[in-house]
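# Observations on chain architecture
So the chains spell out like this:
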Amino acid sequence: MNIILLGPPGAGKGTQASKLVADRGMVQLSTGDMLRAAVKAGTPIGLKAKAVMDAGELVSDEIVSGLIGEKLDSMAPSEGAIFDGYPRTEAQARSLDEILASRGRSLDHVIELEVDEDALVERITGRYTCANCGEGYHDSFKQPKVAGICDRCGSTEFKRRPDDNEETVRTRMAEYRAKTAPILPVYEARGLVQRVDGMADMDLVSAAIAKILDS
Ligand code: ADP
Ligand code: AMP
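### Focus on the pairing of strand β5 (residues 127–130)
- Strand direction decides the pairing type here: β5 and strand β6 (residues 136–138), joined by 3 bridges, are antiparallel. Residue pairing across strands places Thr 129 opposite Gly 136, the latter belonging to β6.
- Counted along the chain from β5 to the antiparallel partner β6, the turn is 5 residues long, and its residue Gly 134 has a positive phi close to 85°.
- Pairing between β5 and strand β7 (residues 158–159): 2 bridges, direction antiparallel. Among the inter-strand pairings, Cys 130 is bridged to a residue of β7, identified as Phe 158.

This is the structure:
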């Protein structure tokens, strides 16, 4: 099964993707995570992407589609893919069709997480992750069970993204509205889109997604 999680920054795509990884053994393909790893490693892609990401703008279609193709090539054909943060433009959506077809895969669902834009700034500015295992947390909505200790791996180191500040979030939302939202009608015409209330509690969002995947 190959699915796209679609929604603006902070909608809960990463949160739901990691649940699907844990529950179903699917593989999360997050272009944001791949780009952050490239920036950290100082690769040529990372050097090109850093300033664009810090500004909240979009990295080139060629770069992100290349990363997705490479990642899919490292997966077993039986492993399902969760596309998180990709595609983000009409050109990327077209590339994804080609990338999947050339590997004998096809899209099963495009799940749109519908969220109230006013809530997104709070979600994003309160977001942090475990520096060791990447588990996601939130200052108000998902704190570790024991303060300062990661539930999943026990690490006491956490980090925040440099682009998770209010000013950059506004640019990222504008990019979503202008360039990403227009790809929804394309998938809708193909009967692939299902909507989920992303403002509900995380477990309810997960249950709604599970229902779609099991339908
Ligand atoms: P995205 O990957 O779409 O940018 P995340 O999954 O990282 O979004 O979620 C952004 C922040 O909001 C995280 O700190 C996460 O813990 C929190 N969050 C995710 N889903 C919900 C939800 N349904 N209700 C409240 N907070 C949520
Ligand atoms: P994300 O982790 O999905 O919030 O992405 C963080 C940043 O990485 C974005 O603001 C963009 O600068 C860049 N990025 C991630 N995915 C893409 C993509 N599919 N296309 C273009 N830029 C991307």
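### Re the pattern of salt bridges
- Tallied over the entire structure, the rule returns 21 salt bridges.
- With a closest N to O distance of 2.7 Å, Arg 103 and Asp 73 form a salt bridge. With a gap of 30 residues between them, Arg 103 in the loop between α5 (90–101) and β4 (109–114) and Asp 73 in helix α4 (residues 61–73) connect regions that are remote in the sequence.
- Among the residues examined, Arg 103 registers a relative accessible area of 32% and is labelled partly exposed.
- Here Arg 190 makes a salt bridge to Asp 97, at a shortest N to O gap of 3.0 Å. Here Asp 97 lies in helix α5 and Arg 190 lies in the loop between α8 (184–189) and β8 (193–197), a separation of 93 residues in the sequence.
- One connected set of salt bridges, linked through shared partners, spans Arg 127, Arg 161, Asp 163, Asp 164 and Arg 172.

### Overview of the site of ligand 2
- Among the 16 residues in the neighbourhood of ligand 2, the closest are listed as Thr 31, Arg 36, Glu 57, Gly 85 and Gln 92.
- Arg 36 places a side-chain nitrogen or oxygen 2.9 Å from an oxygen atom of ligand 2.
- The protein chains hide 96% of the 480 Å² of surface that ligand 2 would expose on its own.
- Of all the elements, helix α2 (residues 31–41) adds the most residues to the shell around ligand 2, at 4 residues.
- Its residues placed into classes, the shell around ligand 2 shows 6 nonpolar, 4 polar and 6 charged.

### Describing the packing of aromatic side chains
- Enumeration according to the criterion identifies 4 aromatic pairs in this entry.
- On the numbers, 6.5 Å between centres and 50° between planes, the contact of Phe 83 with Tyr 86 is tilted. Side by side, Phe 83 and Tyr 86 carry an identical accessibility label, which is buried.
- Look at Tyr 137 and Phe 158: their rings are 5.7 Å apart centre to centre, the planes differ by 80°, and that puts the pair in the edge-to-face class. Of this pair, Tyr 137 sits in strand β6 while Phe 158 is found in strand β7, placing the two residues 21 residues apart along the sequence.

### Topic: the packing of helix α1 (residues 13–24) against helix α9 (residues 202–214)
- Relative orientation of the contacting elements α1 and α9 amounts to 60°, with a least axis distance of 10 Å. Considering their axes alone, α1 and α9 lie oblique with respect to each other. Handedness of the crossing formed by α1 with α9: right-handed. Contacts between α1 and α9 pair Thr 15, Gln 16, Lys 19, Leu 20 and Arg 24 from the former with Met 202, Val 205, Ser 206, Ile 209, Ala 210, Leu 213 and Asp 214 from the latter.

### Points about the sheet that holds strand β3 (residues 81–84)
- Taken in spatial order, the 5 strands line up as β2-β3-β1-β4-β8 in an open sheet, and their pairing is parallel. If you trace the sheet from one side to the other, it starts and ends with β2 (27–30) and β8, each paired once. Within this sheet the neighbouring strands show an average axis-to-axis angle of 25°, counted without direction.
- Across 5 bridges, β4 lies against β8 in parallel orientation. Note that in β8 the partner of Glu 114 across the bridge is Asp 197.
- Of the strands in this sheet, β2 and β3 touch α2, which is tilted by about 65° from β2.

Reading guide: rules and limits
- Here the residue index of a chain counts from 1 through its sequence in written order.
- Lettering of chains starts at A and numbering of ligands starts at 1, both following the order in which they are written.
- Predicted model: local features are reported for residues with pLDDT of at least 70 only, side-chain atom pairs are reported and counted for 80 or more only, and whole-chain, interface and lining totals are derived from all residues.
- Computation of side-chain values: all heavy atoms of the structure, hydrogens and water removed.
- Pairing between strands requires that DSSP locate at least two bridges from one strand to the other.
- Helix and strand assignments come from DSSP, with helices taken as H or I runs of at least 4 residues and strands as E runs of at least 2, each series counted from the N terminus.
- What makes a salt bridge here is a side-chain nitrogen of Lys or Arg within 4 Å of a carboxyl oxygen of Asp or Glu, nothing more.
- Think of it in three bands: residues with accessible area under 20% of the maximum for their type are buried, residues over 50% are exposed, and the middle band is partly exposed, with areas taken using a 1.4 Å probe on protein chains only.
- Any residue with a heavy atom lying within 4 Å of a molecule or strand is counted as near it.
- As used in this structure description, the phrase polar contact means that two N or O atoms lie within 3.5 Å; if the pair is within protein, one of them must be able to donate a hydrogen and the other to accept it, and residues adjacent in sequence are counted only when both atoms belong to side chains.
- Only the protein chains shown count as covering a residue, and every accessible area follows the Shrake-Rupley method with a 1.4 Å probe.
- Amino acids outside the nonpolar list (Ala, Val, Leu, Ile, Met, Phe, Trp, Tyr, Cys, Pro) and the charged list (Asp, Glu, Lys, Arg) are all regarded as polar, and Gly is one of them.
- When the centres of two rings from Phe, Tyr and Trp lie within 6.5 Å, Trp using its six-membered ring, the rings pair. Their planes under 30 degrees apart give stacked, over 60 give edge-to-face, and anything left gives tilted.
- For helices, the fitted axis covers only the stretch in contact; all axes are lines through C-alpha atoms, and the angles between them, taken along N-to-C directions, range from 0 to 180 degrees.
- Orientation categories follow fixed angle ranges, with anything under 35 degrees roughly parallel, anything over 145 roughly antiparallel, 65 to 115 roughly perpendicular, and all other angles oblique.
- Here is the rule for handedness: rotate from the far helix to the near one, and if that takes an anticlockwise turn smaller than a right angle the crossing is left-handed, while a clockwise turn gives right-handed.
- Throughout, a residue-residue contact means that at least one pair of heavy atoms, one from each residue, lies within 4.5 Å.

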